[in-house]
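In case you want the letters, here they are:
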Amino acid sequence: MSLMRSLLLAASQNRWLRDHAAHYSFVRGTVARFMPGETLDEALGAAEALRSKKIGTVFTHLGENIKDRAEAQQVTEHYLGVLDRIREKGLEAEISVKLTQLGLDLSPELCFEHLKAIIEWAQKDSIVWVDMEASNYVDATLELYRRALTAHPNVGVCLQAYLHRTKDDLAKLLPLRPSIRLVKGAYNEPPEIAFPRKQDVDENYFTLGKQMLRAKKENCCVRAAFGTHDVALIRRLSEVASTEGLRKVDFEVQMLYGIQRAEQERLASEGCASIVLVAYGSHWYPWFVRRLAERPANLWFMVRNVFAA
């Protein structure tokens, strides 16, 4: 792992920086590249603009590691309201939730009840995505996901290609006909848990992606979504999808708001499932710094904002 990435991931967990970052205009200017605003209305407005380009949306309300039952309940009710607004506006949009935001640190059972309520409130032809967090949450997340999937097919889970264990996790999930979003991973993990070299992460991603596409062809994977901004990797996987005989619409790429916009539009224009993750909320600091760690170019964008301020 590069020194800069390590420093940024450490900074994402720094309480002092979290409390003070929002006061700096150059930081807020950079954040605006990755999220249309802190409110749901601003996120919905972005989704409507994306719809005009035939690009779908996944909403995520930023926040994690909630330790208060009342707050976890409020987050759950917020997401129920988001689902209502999606229906009212007729958007082709879904939501993605963090289990620690639904109370996982308090009680797995409490978290499951909140997750279940959200899944049952969602439209049956859409997916409620469960984000994956740091490696110490993987077992609990997958256990709750499998439990939810048993009763509700409209739930998906995120897997992280930088973890050594993900190959086995994928193999165990495929017999359940899951929906999976594959990402590279954005937490600070030791080398015995995660691949330290980018090249190894990329190759593992490609290997896992091929397995997902073949499972999609064999009807063993309901949704095979690729959460990456790596254009070269997207092209390689697109070629695999074509070789496997999958329809364009079955090749799904999910990117963050504001990144690789031309690629998002290219995929949509070619008939692929181009989806954008639209994040919003005031608790953006840890999420934002992990985005900087994923792509050094994002950090230089922030530096330019310093001199433009």
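Residues numbered from 1 in each chain as written. Predicted model: local features only at pLDDT ≥ 70, side-chain atom pairs only at ≥ 80, totals over all residues. Heavy atoms only, no water.

Caption draft 1: Summary view of the overall build of the protein. When helices and strands are tallied, the protein shows 13 helices and 8 strands. Counting the 309 residues in the protein, one finds 54% classified as buried. (Helix = DSSP H or I, 4+ residues; strand = E, 2+ residues; numbered from the N terminus. Buried < 20%, exposed > 50% of the residue type's maximum accessible area, 1.4 Å probe, protein only.)

Caption draft 2: View of the packing of helix α8 (residues 166-173) against helix α9 (residues 198-217). Where α8 contacts α9, the two axes come as close as 11 Å, and the packing angle between them is 5°. In terms of orientation, α8 lies roughly parallel with respect to α9. Contacts between α8 and α9 involve T166, K167 and L170 on the former and, on the latter, L208, Q211 and M212. Considered class by class, the residues forming the contact of α8 with α9 number 3 nonpolar, 2 polar and 1 charged. (Axes fitted to C-alpha atoms, helices over the stretch in contact; angles between N-to-C directions. Parallel < 35°, antiparallel > 145°, perpendicular 65-115°, else oblique. Contact = heavy atoms within 4.5 Å. Nonpolar A, V, L, I, M, F, W, Y, C, P; charged D, E, K, R; others polar.)

Caption draft 3: View of the side chain of R181. Among the structural elements, R181 can be located in strand β5 (residues 179-183). Each residue touching R181, except ones within four places of it in the same chain, is listed here: S96, W129, D131, V157, C158, L159, A225, G227 and Q254.

Caption draft 4: Geometry of helix α10 (residues 231-243). Taking 1.5 Å of rise per residue, 13 residues should cover 18 Å, and α10 covers 18 Å from first to last C-alpha, within 8% of that figure. Along α10, the residues classified as buried are L233, I234, L237, V240 and A241. Seen along its axis, α10 keeps its buried residues to an arc of 120°; they face one direction. Turned more than 90 degrees away from the buried face of α10, the exposed residues are E239, S242 and T243. Lining the buried residues of α10 we find α9, β6 (223-227), β7 (252-256) and α11 (261-269). Here α10 starts with a cap whose side-chain oxygen sits 3.3 Å from the backbone nitrogen of A232, and that cap is D230. Immediately beyond the C-terminal end of α10, within one or two residues, lies G245, with a positive phi of roughly 80°. (Expected span 1.5 Å × (residues − 1). Arc of directions from axis to C-beta. Polar contact = N/O pair within 3.5 Å; in protein donor to acceptor, adjacent residues only side chain to side chain.)

Caption draft 5: Spotlight on the confidence of the model for the protein. This prediction gives the protein a mean pLDDT of 89; 82% of its residues lie at or above 70. A low-confidence stretch, residues 301-309 (pLDDT under 50), is modelled with 13 contacts involving residues beyond four sequence positions or located in other chains. (pLDDT = per-residue confidence, 0-100.)

Caption draft 6: Region of interest: the packing of aromatic side chains. With the rule as written, the count across this model stands at 2 aromatic pairs. Ring geometry for Y205 and F226: centres 6.4 Å apart, planes at 45°, overall tilted. Of this pair, Y205 sits in helix α9 while F226 sits in strand β6, and the two are 21 residues apart along the sequence. For Y205, a relative accessible area of 0% translates into the label buried. An angle of 35° between the planes, with centres 5.8 Å apart, marks the rings of F226 and F251 as tilted. With F226 in strand β6 and F251 in the loop between α10 and β7, this pair connects stretches of sequence that are 25 residues apart. Residue F226 shares its accessibility class with F251, and that shared class is buried. Joined through ring pairs, the aromatic side chains of Y205, F226 and F251 make up one cluster. Its guanidinium or amino end placed over the ring of F206, R236 lies 3.8 Å from that ring's centre, counting from NZ or CZ. The cationic tip of R261 hangs over the ring face of Y257; the distance from NZ or CZ to the ring centre is 5.6 Å. (Phe/Tyr/Trp six-rings, centres within 6.5 Å; stacked < 30°, edge-to-face > 60°. Lys NZ or Arg CZ within 6 Å of the ring centre and 35° of its normal.)

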